[in-house]
Amino acid sequence: MAEFSTPTTEQEFDANFAQIKPLMSNTEALYESSRCLFCFDAPCIKACPSGIDIPQFIRQINTGNTTGAAKTIYEANYFGNACGKVCPTEVLCEGACVYNLNEQKPIEIGRLQSHATRKVIDSGKKLFGPGAPNGRKVAVVGAGPAGISAACELRALGYEVDVFEAKALPSGLTLYGVAPYKITNAETLAEMEYLESQFGYKVHYNQPISSRRELEALEESYDAIFLGIGLGRTNALLLPGEERANCIGAVEFIEQLRTEHHHVAVGKKVIVLGGGNTAMDAASESSRLGADSVILAYRRGKEEMGAYEFEYDLAKGVGVKGLFNVAPVEIVGNGKVEGVKFIRTAIQDGQVQIVPGSEFVEPCDMVIKATGQAKQTHFLQLIPGLQLDGKGRIVADARTGQTTNPKYFASGDALNGGAEVVNAAAEAKATARGIHEYLSNQL
Amino acid sequence: MPDLSINFAGIKSPNPFWLASAPPTNSGYQVMKAFDAGWGGAVWKTLGVPVVNVSSRYGSVNYRDKRMVGFNNIELISDRPLADNLREIEEVKKRFPNHAVIASLMVQSRQEWHDIVRDVTNAGSDGIELNFGCPHGMCERGMGSAVGQEPEVLQTIVEWVMEVAKIPVIVKLTPNISDITEPARAARKAGADAISLINTIQSIVGVDLDQFAPYPIVDGKGSNGGYCGPAVKPIALNMIKNCAQDPNVRLPISGIGGIENWRDAVEHILLGASSVQVCTAAMHFGFGIIREMTAGLEQYMVEKNFNTIYDFVGKALPNVKHWEDLNLKYKVTAQINEDKCIGCQLCYTACEDGAHQAIALREGSRVPEIIQENCVGCNLCSLVCPVEQCITMERRDDGTQHQTWKERTEANNIPTTFNDERAGGLHHWVPEPAAALGKERHKTLPGKARAMGSPAEATATKASDVLTAE
């Protein structure tokens, strides 16, 4: 029995994917902001990767200065609105709220943050602007959270900034990779438009940078190059049958879902492979698209899943069933997916061991692989002198984001291996300052 | 079961809760509804020559999400003809013979006072309250607080009233005066039976930041009003205490000011009130609040073994002393209950910036620590702490010694020169002034820069600083 009926219209899609952090009204924001204790050296600030002065902006909301609140937020994090909606606040700011220690509900910081930023986005109020031109140019590769954040900060510092984006729209995974119940496309794009109109960087869409020749052109025309390229496609499982129709990667599935909404078809019985947050999203989404049954298969135990507990709760809440201690060995079927052959596993000394002879086939008509994203190693190897670490991550100075090729700087998933929007936004802001420091010293 | 009934200067009432003279007692309909709900008495909306009111009459002080913690009005006395009011008083008394109906009055001439006192008495009122308190509109016409602020005028008018009064007379006092006992004494001298206080405090409740006008706004303008509501209770309590302790007053007191629940009422009673009057709370929550008030009062009396209200009228008065009579040897200091602490550190910042730098932060813990030798026992940390019983003030002296400022003065043992060795804070440690510099400067930086707090970041341009001058 499906939890949701298959959405056939935009309205039905919106209902199935209702926002889990809906916009707060003025009254709700007043009541919620009134609860804040305004802690000294507040733990919420420390828990925020971008270090937003949370009690300050909550106080500003409470005193009727929402514009000031938005400014406080954006000064620390250019993805202020998106982060309010997509951040795992349960394990960041809200998880650190002292109310938790008193068994009281923590302040809904994320929703307050989106409330304030949404106000300035809707009003288009001018809060920021480009700095006096300093005559130098920076190329930003990738218009995701890292790239756009770097572009904003660099513009504020007086640089001319060109952003090169392979896709047709900005904000990277915020638009293409986050579950639709966390943020809508309209919300994401409104913030992008707001930032672009405030700072005036140029984004060149549908313009992938993928060859040595294109990189050379950037190296010639720009004083520095910022890499905000994120990660690549879903890792291949290297299992027999993986090529069968209806066996797709989670990243690709979610991208399709974000752009095509109810036009995306999901199987009647879906198996999601993986135990991370993306697996939870893909499972939830399958259920909300009307799948009769969704199984989340993970090769270790429930407690060992990489996903946040609240993400698993969210998936369970829409009827997703967990299947633990199983490893896929084959995608079975005849042209199309008809099931997954699993083998049971046991954990010994922290290692996954297969249980011989325990194979079984779990029938299904769709498989979503949420088994991590590949690094863009091939592209990165086109940059002379650029070092990668053993996991394929760019090696860079922790403070300035400068890579081993001094002209190149990096932030976001390509550097940290895959983290939250907030991490990319915070890193990129610091890296933009690193670029500024580097170029200022060159004079 | 305790007996909640009172006999206030001859006015009998099934409980001490009366509605104050105000909009909730504007009509017989409202008073009957209130009596039905459980109120013991009502002081009718002030009668006199009917007025004409403005539209837009009330303003409010909101605190964060709490509405009407303070309230003000620019409404005047009753705008209904006297005959209508008298007829309704008669009707209410017929239906509720055991409830207290007190007529509030405000007129000008001796003849008017005589006439109206007779009228309300004939209508069946149990008592009269003279409104010498209204601080807006009426005072400019020589009535209300204009009378309450002039003890001699007050005395004269009370004497006029007493010439014809056959029912108890309560004089309602204005707090807009330096010494509340002066008009209280004048009321006694003139032969009044009781006093009630406080009336509203002259106020501007707020200013509209866009219209540049005070609330409540009447066509772009405003006027001072009368302030009341929960915020005024402390002022009322002090004035009630002053009157209750004055040997030259010695009149029953009806307590008014910020009473919203049974606790507020008990506080008024403990300081000498033997009936209490309520307005703002009824205007905010309706007459139904009386159920909580009577239930709470009854429960309190049961727990304290009080049989009647009179068992605790003024019970706190012996403990309200002049400052010079307080024990200087009494010593408390703060104690943090670490199991309860949630680490908000409000106590730390309050003590650090607002008191005596007697709370320290510890490396690796959010739980602050009291520096016992610096703690002067001011209570501030325990007041700001959001967790019940987390910071307690613990007694540190052994209770054997007692010395007051008065005794020290008499013993010639007080500081008398600017740099006297006997200065109370002489040996109290304070940090060097310059130690304050830079301590929290990094907090003015945005985002990660704040966390890193590096000097380079401190001087770097903030994106918002470059907002072009447009």
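Sequence order sets the numbering: in each chain, residues are counted from 1 along the sequence as written. Note on labels: chains are lettered from A, ligands numbered from 1, in written order. Reporting in this predicted model follows two pLDDT cut-offs: at least 70 for local features of residues, and 80 or more for side-chain atom pairs to be given and counted; totals over whole chains, interfaces and linings ignore these cut-offs and use all residues. The basis for the side-chain values is all heavy atoms of the structure; hydrogens and waters are excluded.

With an unreviewed UniProt entry as reference, chain B is termed dihydrouracil dehydrogenase (NAD(+)), source organism Hymenobacter busanensis. Looking at the Subunit (unreviewed entry) heading of the UniProt record, one finds this comment for chain B: "Heterotetramer of 2 PreA and 2 PreT subunits." UniProt positions are given in the numbering used here, feature names are shortened, and annotations may be inferred rather than shown by experiment. UniProt annotates chain B under Sequence similarities (unreviewed entry) with the comment "Belongs to the dihydropyrimidine dehydrogenase family."

Within an unreviewed UniProt entry, the label attached to chain A reads NAD(P)-binding protein, and the organism entered is Hymenobacter busanensis.

(A) Focus on the overall build of chain A. Tallying secondary structure elements over chain A gives 18 helices and 14 strands in all. Values of the radius of gyration come from C-alpha atoms, whereas the globule rule sets the reference at 2.2 Å times the count of residues to the power 0.38. A compact globule built from 443 residues should have a C-alpha radius of gyration of about 22 Å, and chain A, at 23 Å, falls within 12% of that. With the C-alpha coordinates of chain A rotated into their principal frame, the extents come out at 70 × 55 × 45 Å. Residue burial is assigned from relative accessible area. The probe radius is 1.4 Å, only protein chains are included, and a residue is buried under 20% of its type maximum, exposed over 50%, and partly exposed in between. Each of the 443 residues in chain A was classed as buried or not, and the buried ones make up 57%. Split by element, the accessible area of chain A, about 17,500 Å² in all, is 50% carbon and sulfur. Strands here mean DSSP runs of E at least two residues long; helices mean DSSP runs of H or I at least four residues long; both are numbered from the N terminus. Calculation of accessible area relied on Shrake-Rupley with a 1.4 Å probe; when residues are assessed, cover is drawn exclusively from the protein chains displayed.

(B) Representation of the interface of chain B and chain A within the structure. Any two residues having at least one pair of non-hydrogen atoms within 4.5 Å are treated as being in contact. In this assembly, 29 residues from chain B lie in contact with 35 residues from chain A. In short, buried area is how much 1.4 Å probe accessible area vanishes from two parts on joining, totalled over both. When chain B packs against chain A, the two sides together hide about 2,700 Å² of surface, and 58% of this comes from carbon and sulfur. A pairing counts as a salt bridge when a side-chain nitrogen of Lys or Arg comes within 4 Å of a carboxyl oxygen of Asp or Glu. The tally of links from chain B across to chain A stands at one salt bridge. Between B:Lys443 and A:Asp41 there is a salt bridge whose closest N-O contact spans 2.7 Å.

(C) Representation of helix α9 (residues 145-156) of chain A in the model. All names here are of chain A. Its 12 residues place the ends of α9 17 Å apart at the C-alpha level, agreeing with the 16 Å of an ideal helix rising 1.5 Å per residue. Burial runs high along α9: 12 of the 12 residues are buried. Taken residue by residue, α9 has Pro 145, Ala 146, Gly 147, Ile 148, Ser 149, Ala 150, Ala 151, Cys 152, Glu 153, Leu 154, Arg 155 and Ala 156 as its buried positions. Considering only its buried residues, α9 is in contact with β1 (137-141), β2 (160-164), α10 (173-176), α11 (185-199), β4 (224-227) and α18 (421-442). How far a helix is expected to stretch is found by multiplying one less than its residue total by 1.5 Å.

(D) Layout of the packing of aromatic side chains. Residues and elements named next belong to chain A. Stacked, edge-to-face and tilted are the three classes for Phe, Tyr and Trp ring pairs, Trp counted by its six-membered ring, which pair at centre distances within 6.5 Å; planes under 30 degrees apart are stacked, over 60 edge-to-face, the rest tilted. Under the defined criterion, the tally for this structure stands at 22 aromatic pairs over all chains. Consider the rings of Tyr 312 and Phe 324, whose centres lie 6.1 Å apart with planes at 75°: the pair is edge-to-face. One end of the pair, Tyr 312, is in helix α15 (residues 309-317); the other, Phe 324, is in strand β8 (residues 321-324), and 12 residues separate them in sequence. For Tyr 312, a relative accessible area of 8% gives the class buried. One aromatic cluster in this structure is built from Tyr 74, Tyr 78, Phe 128, Tyr 194 and Phe 199. In this scheme, Lys NZ or Arg CZ marks a charge over a ring once it lies within 6 Å of the ring centre and within 35 degrees of the ring normal. Across from the ring centre of Tyr 176, 5.2 Å away, lies the NZ or CZ of Lys 167, which sits over that ring.

(E) Structural context of the packing of helix α1 (residues 28-37) of chain B against helix α2 (residues 82-95) of chain B. All names here are of chain B. Note on geometry: axes are C-alpha line fits, over the in-contact stretch for helices, and angles between N-to-C directions span 0 to 180 degrees. Contact pair α1 / α2: the axes reach a minimum separation of 9 Å and the direction vectors enclose 20°. Classed by the angle they form, the pair α1 and α2 counts as roughly parallel. Considering the relative orientation of α1 and α2, their crossing is right-handed. Contacts from Gly 28, Val 31, Met 32 and Phe 35 of α1 reach α2 at Glu 88, Glu 91, Val 92 and Arg 95. For this classification, under 35 degrees means roughly parallel, over 145 means roughly antiparallel, 65 to 115 means roughly perpendicular, and everything else is oblique. Should the near helix be turned anticlockwise from the far one by less than a right angle, the crossing is left-handed, and should it be turned clockwise, the crossing is right-handed.

(F) Molecular detail of the sheet that holds strand β16 (residues 273-278) of chain B. Residue and element names in this part refer to chain B. Read once around its circumference, the closed barrel built from eight strands follows the order β3-β4-β7-β8-β9-β10-β15-β16, with strand pairing classed as parallel. The average undirected angle you get between the axes of adjacent strands in this sheet is 25°. As paired elements, strand β4 (residues 41-47) and strand β7 (residues 100-105) share five bridges and run parallel to each other. Across the sheet, residue Gly 41 finds its bridge partner in β7, namely Ala 100. Strands β10 (194-197), β15 (253-256) and β16 of the sheet are contacted by helix α7 (residues 233-245), whose axis makes an angle of about 170° with β15. The sheet contacts of helix α8 (residues 262-270) involve β3 (17-19), β15 and β16, and relative to β16 the element is tilted by about 145°. By definition, two strands form a pair when at least two bridges between them are found by DSSP.

(G) Highlighting the domain arrangement of chain A. Note that domain bounds follow an automatic or database assignment of domains. Considered domain by domain, chain A is made up of domain 1 (21-123), domain 2 (137-232 + 374-441) and domain 3 (247-369). Computed over C-alpha atoms only, the centres of domain 1 of chain A and domain 3 of chain A are separated by 34 Å.

(H) Fine view of the nonpolar core. By convention a nonpolar core is built from buried Ala, Val, Leu, Ile, Met, Phe, Trp, Tyr and Cys residues, the set being connected through side-chain atoms within 4.5 Å. Counting 90 residues, the largest nonpolar core has B:Trp39, B:Val171, B:Ile195, B:Leu197 and B:Phe312 as the members making the most contacts within it. Among the elements that line this core, the one with the most residues is helix α10 (residues 289-304) of chain B, at six residues. If we skip the residues at most four places from it in the chain, B:Val171 touches B:Leu130, B:Phe132, B:Leu154, B:Val158, B:Ala187, B:Ala192, B:Ala194, B:Ile195 and B:Ser196. If you look at the next biggest cluster of nonpolar residues, it comprises 47 residues, including A:Cys48, A:Ile73, B:Cys390 and B:Ile391.

(I) Layout of the pattern of salt bridges. Going through the model one piece at a time under the given rule, you end up with 40 salt bridges over all chains. Linking A:Lys182 and A:Glu311 is a salt bridge whose minimum nitrogen-to-oxygen distance equals 2.8 Å. One end of the pair, A:Lys182, is in the loop between α10 and α11; the other, A:Glu311, is in helix α15, with 129 residues separating them in the sequence. Of the two residues examined, A:Lys182 and A:Glu311, each falls in the buried class. For B:Lys406, the salt bridge is made with B:Asp325, and the minimal N-O distance between the two is 3.6 Å.

(J) Main features of the pairing of strand β10 (residues 336-348) of chain A. Residues and elements named next belong to chain A. As judged from the eight bridges shared by strand β9 (residues 326-334) and β10, these two strands associate in the antiparallel manner. From the neighbouring strand, Pro 328 faces β10, where its bridge partner is Phe 342. Between the end of β9 and the start of β10, which pair antiparallel, lie one residue, with Gly 335 showing a positive phi angle near 85°. Pairing analysis gives four bridges linking β10 to strand β12 (residues 360-363), with the strands arranged antiparallel. What sits directly across from Gly 339, in β12, is Pro 363. Relative to strand β11 (residues 351-354), β10 is paired through four bridges, and the arrangement is antiparallel. Looking at β11, one finds that Ile 347 is bridged to Val 352. Between β10 and β11, which pair antiparallel one after the other, the connecting turn spans two residues, and Asp 349 there sits at a positive phi close to 50°.

(K) Focus on the layout of surface pockets. Residue and element names in this part refer to chain B. A pocket here means an open set of points on a 1 Å grid, computed over the protein atoms alone, that has protein on both sides within 12 Å along at least five of seven lines. A cavity is instead a set of points where a 1.4 Å probe fits but cannot get out; residues with an atom within 4 Å of a point line either one. Grid points are joined across faces, edges and corners, and a volume is the space filled by probe spheres set on the points. When its volume is computed, the second largest pocket comes out at roughly 720 Å³. Along the wall of the second largest pocket there are 23 residues; nearest its centre are Asn 327, Leu 328, Lys 329, Tyr 330 and Gly 424. Classes in brief: Ala, Val, Leu, Ile, Met, Phe, Trp, Tyr, Cys and Pro nonpolar; Asp, Glu, Lys and Arg charged; the others, Gly included, polar. By residue class, the composition of the lining of the second largest pocket is eight nonpolar, nine polar and six charged.

(L) Layout of unusual backbone geometry. Backbone torsion omega between B:Leu197 and B:Ile198 reads 10°, so that peptide bond is classified as cis. Tracing the backbone through its elements, the reader meets B:Ile198 in the loop between β10 and β11 (201-203). Going from B:Tyr215 to B:Pro216, the amide bond is cis rather than trans, its omega being -10°. Examined against the element boundaries, B:Pro216 turns out to sit in the loop between β13 (213-214) and β14 (225-228). Here the phi dihedral of A:Phe38 falls at roughly 60°; this positive angle occurs in a residue that is not glycine. Its location among the elements puts A:Phe38 in the loop between α2 (26-35) and α3 (43-47). Classification of A:Phe38 by relative accessible area gives buried; the value is 13%. In this structure, A:Asn206 takes a positive phi of about 55° despite not being glycine.

(M) Examining empty space enclosed by the protein more closely. Residue and element names in this part refer to chain B. Following the criterion strictly, the structure yields six cavities of 30 Å³ or more and no others. Computed from the structure, the largest cavity encloses a volume of approximately 480 Å³. Lining the largest cavity are 38 residues, with Ser 21, Ala 22, Asn 73, Asn 199 and Thr 200 sitting closest to its centre. The dominant element in the lining of the largest cavity, judged by the number of residues it contributes, is helix α9 (residues 280-285), at three residues. Its residues placed into classes, the lining of the largest cavity shows 20 nonpolar, 13 polar and five charged.

(N) Examining the sheet that holds β1(A) more closely. Residues and elements named next belong to chain A. On the basis of which strands lie adjacent, the open sheet formed by five strands has the order β3-β2-β1-β4-β14 and parallel pairing. In this open sheet, the two strands that pair with only one neighbour each are β3 (202-204) and β14 (408-410). Neighbouring strand axes in the sheet, compared pairwise and without regard to direction, differ in orientation by 25° on average. For β2 and β3, the ladder comprises three bridges, and the chain directions are parallel.

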